[in-house]
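Descriptive structure summary
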Amino acid sequence: VEELIVGRTEEKGKIIGPLLEGMSEKIIILPIYGIGGIGKTTFARLIYDDPNFKCHSRVWVDVSQRFDLNKIRESMISQLSGEEIQAIERQILHSCLTKLLSCKKILIVLDDLWEDDQFHLQELKDMLYCADSNIIILVTTRSERVAGRICTNLQPYKILPLTNDMCWDIIKQRSGFKDRNDKEQLMGIGREIAQKCGGVALAALSLGFTLRSMNFDEWMKVKDSDIWNEPVSKDFSLSNQVLASLKLSYSYMSPCLKACFTYCATFPKGHKIVKDDLIYQWIALDFIKPTKLLSNMELCERYIGQLLGLSFFQQPVSPKVCYFCIPIPHLNFSYFLNQL
């Protein structure tokens, strides 16, 4: 919900202006880049949902680390046609997509693009070009190199870190701060925790949700935790602040929730998970311990809600798959769990 998103409204205005001015072009590609967890997906979603594009057909594709042009085609065709498609030959897919793109105003988001091969990126651009359409493409990526290679008529936009005050606003939102009786005691501690987020939205989101059920002493433990000073592997694609905040959130999970979350390492990064299927798997593996107040299903629903609140799960943007939960694209589960 836009009114709950902190610190990006002014930036959105700067972006939408050039996009609307360039709508006479056949195709506009705007790359948005920045470190993992900084808020690129949220920012793209703000633009995607903006009323200026209500007359556009809109498509959201989760690209992720493994670049597969056929899967991108299939996702776009499903969303534009409103029908799920089966495996079809590449040439037929290409022809079908061309027809669906023809004579339309379309806004496309390609979220979390990693591919930096010039040939593959040109293939992607050629696939999306349609001479009799107006197509706006937003591309989110962590790589400045990828952003430079995919852009055409607009310069890549680097999304900036949030201020410490913005991170504190997010933490207050997620922790239910305004309804607490100990607000005055926690104010200074909360601001210090916000500084440790390093301007990264994901760190503030995860920490805020973790802090909501904590008392004064536990807030102090979070602030003074040694996790903030631990080194990060150079191979890991998140900043130190994000990894530290996620590890802190994980450490405060209940044992049952830890087991349920750890099981998610069996899914590939960015994989779409059918919520009910995941629940039945948790129950079958005896991860769920029912209580007198909550049944197995109710407890699982609560766990799903907690993982969403912690930003360890993310709901997809596309309305065609709204019944899925997706492990967040910034998090490599197996690597993350090895760091704990």
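Relevant structure appears above.
Report follows, based on the coordinates. (Residues numbered from 1 in each chain as written. Predicted model: local features only at pLDDT ≥ 70, side-chain atom pairs only at ≥ 80, totals over all residues. Heavy atoms only, no water.)

Description of the pairing of strand S4 (residues 134-141)
Counting buried residues in S4 gives 7 out of 8 residues, a clear majority hidden from the surface. Examined bridge by bridge, strand S1 (residues 27-33) and S4 share 7 bridges and lie parallel to one another. Of the residues in S4, the one forming a bridge with Leu30 is Leu138. Note that strand S3 (residues 105-113) and S4 share 6 bridges and pair parallel. What sits directly across from Ile108, in S4, is Ile137. (Buried < 20%, exposed > 50% of the residue type's maximum accessible area, 1.4 Å probe, protein only. Helix = DSSP H or I, 4+ residues; strand = E, 2+ residues; numbered from the N terminus. Pairing = 2+ DSSP bridges.)

Some words on the environment of Glu230
Note that Glu230 resides in the loop between helix H10 (216-224) and helix H11 (240-251). Put simply, Glu230 and Ala244 are 14 residues apart on the chain and 7.9 Å apart in space, counted from C-alpha to C-alpha. The contact partners of Glu230, leaving out residues within four places of it in the chain, are Asn240 and Lys247. (Contact = heavy atoms within 4.5 Å.)

Some words on the pattern of salt bridges
With the rule as written, the count across this model stands at 12 salt bridges. Of the charged contacts in the structure, one is a salt bridge between Arg191 and Asp165, with a shortest N-O distance of 3.1 Å. Residue Arg191 is located in helix H8 (residues 183-195), and its partner Asp165 is located in helix H7 (residues 164-175); the two are separated by 26 residues in the primary sequence. On the accessibility criterion, Asp165 (47% relative accessible area) is partly exposed. With a shortest N-O distance of 3.2 Å, Lys289 and Asp286 are connected by a salt bridge. One connected set of salt bridges, linked through shared partners, spans Glu192, Lys223 and Asp224. (Salt bridge = Lys/Arg side-chain N within 4 Å of Asp/Glu carboxyl O.)

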